Structure formats: C-alpha cells, structure tokens
Amino acid sequence: MTDFTPQTDSRCAQRITINRSATLKTSDTDTPVPAKLLNISKCGAGILCNHNLMIGEIITLNFSLPSYDSDNDLSISSKIACFSKVQKQYLIGIEFAQLNTHEELVIKSFTSYHERF
C-alpha cells in the first residue's frame, strides 16, 4: 500500500482567474517584456510569458485591473516563486513584495467582487 500525503498549496489566498495583458521588467532587460496575467490574489499572481526567469528573481509587474468606473494601473515589485516551461512559453508564479495601500485596496476590491461568483 502506498502512503499518500496530500500536497499543500503554498498560496496565501485563493486566486481569481483573469485574462489581462501585462508587462514585466527585469534587471537584465531594457524594454518591458509582454506577458499575460492569468490569475491574481492579494499575495501573488500567475503569468505566462516568453522570457525565461529564475526562481527568486525580482521583477516589476505592470498591469491594470478593472473597477466599476475605470481601470487601475499597477506596478508591483514581485519575486519569482515558481515556473515551468509550457511549449515555448513559461508559466510563472510570482509573490508580491510589500504592497502599498493603493495596490492592496485595488487588488482586494477586485478579488472580493469576483469571489462572490
């Protein structure tokens, strides 16, 4: 008989699925790298891009989240937590560094609204 130990999810909060354009800036790129924001929570996000990154690398993720009357532009310092290659792209999990009050409120408002569904 095999001992089965369930894997724990290292995320600190439930992620909300989203499909938004984003860009990321790394220390080794002069121009922003296009990316796709796949999901988001108050402590991190999932992105898809063509740029190979390293676990632990610090990036700046730029994206916008819709609100009831406009889009809110965000630029968040983040750390690469995990990644895997998917065909010719990379699926990347990031952890947000310390969010300022505005960033925290925008993300909380967006995720709270969508958690209802």
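What counts and how
Residues numbered from 1 in each chain as written. Predicted model: local features only at pLDDT ≥ 70, side-chain atom pairs only at ≥ 80, totals over all residues. Heavy atoms only, no water. Pairing = 2+ DSSP bridges. Helix = DSSP H or I, 4+ residues; strand = E, 2+ residues; numbered from the N terminus. Axes fitted to C-alpha atoms, helices over the stretch in contact; angles between N-to-C directions. Contact = heavy atoms within 4.5 Å. Core = buried A, V, L, I, M, F, W, Y, C linked by side-chain atoms within 4.5 Å. Buried < 20%, exposed > 50% of the residue type's maximum accessible area, 1.4 Å probe, protein only. Phe/Tyr/Trp six-rings, centres within 6.5 Å; stacked < 30°, edge-to-face > 60°.

**Student:** How should I be thinking about the sheet that holds strand β2 (residues 33–40) in this particular structure?
**Tutor:** In any sheet, the strands associate via hydrogen bonds between backbone groups, in a parallel or an antiparallel arrangement. Strand order in the closed barrel formed by six strands is β1-β2-β3-β6-β5-β4, with antiparallel pairing between adjacent strands. Averaged over all neighbouring strand pairs, the angle between strand axes comes to 40°, with direction disregarded.

**Student:** Can you walk me through the environment of K79 in this structure?
**Tutor:** Its place among the elements puts K79 in strand β5 (residues 71–86). On a C-alpha basis, the gap between K79 and L61 in space is 9.7 Å, while along the polypeptide they are 18 residues apart. K79 has contacts with G56, E57, I58, G93, I94 and E95, leaving out every residue within four places of it along the chain.

**Student:** How do you make sense of the environment of S109 when you look at a structure like this?
**Tutor:** As for its position among the elements, S109 is in helix α1 (residues 101–115). The spacing of S109 and L65 is 44 residues in sequence and 9.8 Å in space, taken between C-alpha atoms.

**Student:** I would appreciate a short explanation of the nonpolar core in the present structure.
**Tutor:** What tends to happen in soluble globular proteins is that the nonpolar side chains get buried as a cluster. The biggest cluster of nonpolar side chains holds 27 residues, and the ones touching the most others in it are L24, I40, L61, F63, L65, I94 and F96. Put simply, the parts of the chain that give this core at least two residues each are β1 (16–25), β2, β3 (44–49), β4 (58–66), β5, β6 (89–96) and α1. In this view, L61 contacts A22, T23, L24, L37, I47, L74, S75, I76, S78, I94 and F96; residues no more than four positions away in its chain are not counted.

**Student:** Explanation requested: the packing of aromatic side chains in the structure shown.
**Tutor:** Remark: the centre distance and the inter-plane angle together describe each pair of aromatic rings, the angle taken between the planes. Evaluated as defined, the whole model comprises one aromatic pair. On the basis of an interplanar angle of 65° and a centroid distance of 6.3 Å, the ring pair of F83 and Y90 is categorised as edge-to-face. Looking at F83, the relative accessible area reads 34%, which means it is partly exposed. The class for Y90 is buried, based on a relative accessible area of 13%.

**Student:** So what exactly am I meant to see when it comes to the pairing of β1 here?
**Tutor:** Regular strands have side chains that alternate between both faces of the sheet. The side-chain alternation of β1 yields one buried face, formed by I16, I18, R20, A22 and L24, and one unburied face, formed by T17, N19, S21, T23 and K25. Summarising the sheet, β1 and β2 pair through seven bridges and their orientation is antiparallel. When the sheet's bridge partners are listed, T23 is paired in β2 with P34. With four bridges joining them, β1 and β4 adopt antiparallel strand pairing. Bridge pairing in β4 places A22 opposite F63.

**Student:** So what exactly am I meant to see when it comes to the environment of P66 here?
**Tutor:** Structurally, the position occupied by P66 is in strand β4. Beyond its immediate sequence surroundings of up to four residues, P66 is in contact with R20, D71 and F110.

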